[in-house]
Amino acid sequence: FGKAISEMILEEPKGLIVDLRFNGGGYLDIAVELLSYLLPADSPAVIIKERGKDDEILYTNGNPKLLNVPLVMIVNDSSASASEIVAGAIQDLKRGVILGVKSFGKGSVQEVETFADGSSIRMTIAKWHTPNDRSIDKIGLTPDIIVDIKEEDVEEEFDRQKDEAVKYLENLE
């Protein structure tokens with residue numbers, strides 16, 4: 001992502017589309033790192049709520065590269081976890097718009113414990129909330145602009161959501 005952003009800056013983009021569809025998530029720290037390219041330094045990225053502890057707010061760091069470039073994030077019902085952290089922060093901080101359909105709704109932080117015999121257990125150790133303290137667990141993120149994929153879109157291999165994201169950015173000019 002960082003390399004793509006660095007190359008993109010040279011072309012002075014008029015807008016940016018980040019496609020988070022079918023992104024099942026990843027690591028919390030990587031989500032915060034990605035947000036650091038898109039939000040002002042020291043912006044709240046996510047709130048971690050762990051039983052018996054004070055809430056922990058993770059903040060963006062570094063120098064944002066595309067702070068003033070209009071932004072659309074595309075999500076679907078397979079966008080989960082870390083991808084929802086990114087989209088939720090962008091939505092809460094009004095940095096861009098979320099387009100597509102409601103996301104999956106995985107607002108938990110998990111750790112994997114691996115045992116000597118090769119088996120493992122995945123444990124939920126905390127919940128995460130968006131910067132505005134919204135829980136999306138089992139709820140998902142509702143996009144600012146709802147765009148469904150229609151059956152004929154699939155048949156014709158037409159990406160309606162991407163097309164609408166481009167149209168949105170073009171209309172800002």
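Anything mentioned here points back to the structure above.
Residues numbered from 1 in each chain as written. Predicted model: local features only at pLDDT ≥ 70, side-chain atom pairs only at ≥ 80, totals over all residues. Heavy atoms only, no water.

(A) The pattern of salt bridges, seen in detail. The final tally for this structure, using the stated rule, is 11 salt bridges. A salt bridge links Asp19 to Arg21, with the shortest nitrogen-to-oxygen separation between them at 2.6 Å. In this structure Asp19 comes out as partly exposed when scored by relative accessible area, which is 41%. Under the relative-accessibility criterion, Arg21 is labelled buried at 15%. Residues Lys49 and Asp133 are paired through a salt bridge, measuring 3.2 Å at the closest nitrogen-oxygen approach. Note that Lys49 is positioned in strand β2 (residues 44-49) and Asp133 in the loop between β7 (120-129) and β8 (145-146), a separation of 84 residues in sequence. For Lys49, a relative accessible area of 22% puts it in the partly exposed group. Taken together, the shared-partner salt bridges in this structure form one network comprising Asp19, Arg21 and Asp159. (Salt bridge = Lys/Arg side-chain N within 4 Å of Asp/Glu carboxyl O. Buried < 20%, exposed > 50% of the residue type's maximum accessible area, 1.4 Å probe, protein only. Helix = DSSP H or I, 4+ residues; strand = E, 2+ residues; numbered from the N terminus.)

(B) Region of interest: the sheet that holds strand β1 (residues 16-19). A sheet is described by the order of its strands in space; here 4 strands give the open sequence β1-β4-β5-β8, paired in parallel fashion. One side of each edge strand has no neighbouring strand; the edge strands of this open sheet are β1 and β8. Relative to β8, strand β5 (residues 97-100) runs parallel, the two sharing 2 bridges. In the strand pairing of β8, Leu99 is matched with Ile145. Helix α5 (residues 160-172) rests against β1, β4 (71-75), β5 and β8 of the sheet, and its axis sits at about 165° to β4. (Pairing = 2+ DSSP bridges. Contact = heavy atoms within 4.5 Å. Axes fitted to C-alpha atoms, helices over the stretch in contact; angles between N-to-C directions.)

(C) Layout of the side chain of Ser83. Secondary-structure assignment places Ser83 in helix α3 (residues 82-92). A distance of 2.8 Å separates a polar side-chain atom of Ser83 from the backbone oxygen of Ala80. Those residues in contact with Ser83 that sit more than four places away from it in its chain are Leu20, Asn23 and Gly25. (Polar contact = N/O pair within 3.5 Å; in protein donor to acceptor, adjacent residues only side chain to side chain.)

(D) Representation of a nonpolar patch on the surface in the model. Together, Phe115, Ile121 and Met123 give the surface a local cluster of nonpolar side chains, amounting to about 260 Å² of exposed area. Structurally, Met123 is set in strand β7. Look at Met123 and you get partly exposed, because its relative accessible area is 35%. (Patch = residues over 30% accessible without salt bridge, like charges linked within 9 Å, V, L, I, M, F, W, Y side chains within 5 Å. Areas by Shrake-Rupley, 256 points an atom, 1.4 Å probe, with all protein chains shown as cover.)

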